[in-house]
Amino acid sequence: MFQRGLAGGRSLATDSDEFCKEREAFATLQFGKWPEFVRNYAPWWATHTLDWLKFGKKVLVVHFEDLKQDLFVQLGRMVSLLGVAVREDRLLCVESQKDGNFKRSGLRKLEYDPYTTDMQNAISAYIKMVDAALKGRNLTGVPDDYYPR
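The rules behind each value
Residues numbered from 1 in each chain as written. Predicted model: local features only at pLDDT ≥ 70, side-chain atom pairs only at ≥ 80, totals over all residues. Heavy atoms only, no water. Helix = DSSP H or I, 4+ residues; strand = E, 2+ residues; numbered from the N terminus. Polar contact = N/O pair within 3.5 Å; in protein donor to acceptor, adjacent residues only side chain to side chain. Contact = heavy atoms within 4.5 Å. Phe/Tyr/Trp six-rings, centres within 6.5 Å; stacked < 30°, edge-to-face > 60°. Core = buried A, V, L, I, M, F, W, Y, C linked by side-chain atoms within 4.5 Å. Buried < 20%, exposed > 50% of the residue type's maximum accessible area, 1.4 Å probe, protein only. Patch = residues over 30% accessible without salt bridge, like charges linked within 9 Å, V, L, I, M, F, W, Y side chains within 5 Å. Areas by Shrake-Rupley, 256 points an atom, 1.4 Å probe, with all protein chains shown as cover. Salt bridge = Lys/Arg side-chain N within 4 Å of Asp/Glu carboxyl O. Expected span 1.5 Å × (residues − 1). Arc of directions from axis to C-beta. Axes fitted to C-alpha atoms, helices over the stretch in contact; angles between N-to-C directions. Parallel < 35°, antiparallel > 145°, perpendicular 65-115°, else oblique. Nonpolar A, V, L, I, M, F, W, Y, C, P; charged D, E, K, R; others polar.

> So what's going on with the side chain of His63? Residues and values would help.
Among the structural elements, His63 can be located in the loop between helix H2 (33-55) and helix H3 (64-69). Side-chain polar atoms of His63 contact the backbone oxygen of Gly141, separated by 2.9 Å. Contacts of His63, omitting those with residues within four sequence positions, involve Thr140, Gly141, Val142, Pro143 and Tyr146.

Here's what the structure looks like:
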C-alpha cells in the first residue's frame, strides 16, 4: 500500500487499484482519443500505401514476418532495390545483432480488446483494399494475421 494524493486529500492505494487503473485506461481508449486515432489513422495508412503502389517507381514490399524469418535475404533485397553496394559480411553483422540491444522488451498483452466491432470492420476493409492492390501488382499480399481478430 502507498499514499496517494486525491483532490487535496490523501487516500490509501492497494493492489486492487491496479485493476481500477486498467479499467480506467480501457475507458480512456474506448471513449477518449483512441476511437479518433483509429478513425483517422486507418484510412491514412491505406491511402499512404495505395499512393506508394500507384506513384512509386520502385516498390518493394517486405512484411515484418519476412524480416523475422529471413533477415539476411530481406536485407539483400532491400539494398539491391536501392542499388547500394553492401558487403555480405555487413549484412551478416546486422543479422547477428537482430536480437540485440535495440529490441523492445516484451509488450504486455492487453486483457481486453481495444477495437470495437465497427473499428474491426473498418480496418478489415482497408486491409482488403491494400491487399487487392498489392496482388494487382503481383506483389505479396497482406498476411492473414494482420486482420483484426
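Let us keep going from here.
> With reference to specific residues and values, describe the packing of aromatic side chains.
A complete count under the given rule lists four aromatic pairs for this structure. Among the aromatic residues, those joined into a ring-pair cluster are Trp34, Phe37, Tyr41, Trp44 and Tyr115.

> Requested: an account of the nonpolar core, with residues and values cited.
Judged by nonpolar contacts, the single largest core of 13 residues is most densely connected at Val38, Ile123, Ile127, Val130, Leu134 and Val142. Elements that contribute at least two residues to this core include exactly H2 and helix H6 (117-136). The contacts of Val130, once residues within four sequence positions are left out, are Trp45, Ala46, Thr49, Leu50 and Val142.

> Give a description of a nonpolar patch on the surface that names residues and reports values.
A cluster of nonpolar residues, Phe37, Tyr41 and Trp44, forms a patch on the protein surface that exposes about 340 Å² of accessible area. Considering the arrangement of structural elements, one finds Tyr41 in helix H2.

> Provide a residue-level description of helix H4 (residues 71-82), including the pertinent values.
Spacing of three or four residues puts side chains on the same side of an α-helix, whose turn is 3.6 residues. If you check H4, its first and last C-alpha atoms are 17 Å apart, about what twelve residues at 1.5 Å a residue would give, namely 16 Å. By the burial criterion, the buried members of H4 are Leu71, Gln74, Leu75 and Val79. Viewed end-on, H4 has its buried residues packed into an arc of 130°, placing them on one side of the element. In the core, the buried residues of H4 are packed alongside H3 and helix H5 (88-96).

> I'd like a description of the pattern of salt bridges, backed by residues and values.
Going through the model one piece at a time under the given rule, you end up with two salt bridges. With a closest N to O distance of 2.9 Å, Asp89 and Arg87 form a salt bridge. For Asp89, a relative accessible area of 40% puts it in the partly exposed group. We note a salt bridge from Lys135 to Asp131, for which the minimum N-O separation is 3.1 Å. One end of the pair, Lys135, and the other, Asp131, are both in helix H6, four residues apart, so they sit about a helical turn from each other. With a relative accessible area of 10%, Asp131 lands in the buried category.

> Before we move on, could you go through the packing of H2 against H6 and cite the residues and values that matter?
Their axes nearest at 10 Å, the elements H2 and H6 cross at an angle of 5°. In terms of their interaxial angle, H2 and H6 are classed as roughly parallel. When H2 is examined against H6, the residues Trp34, Pro35, Val38, Ala42, Pro43, Trp45, Ala46, Thr49, Leu50 and Leu53 are found in contact with a partner set consisting of Met119, Ile123, Tyr126, Ile127, Met129, Val130, Ala133 and Leu134. When grouped by side-chain class, the residues that make up the contact of H2 with H6 number 17 nonpolar, one polar and no charged.

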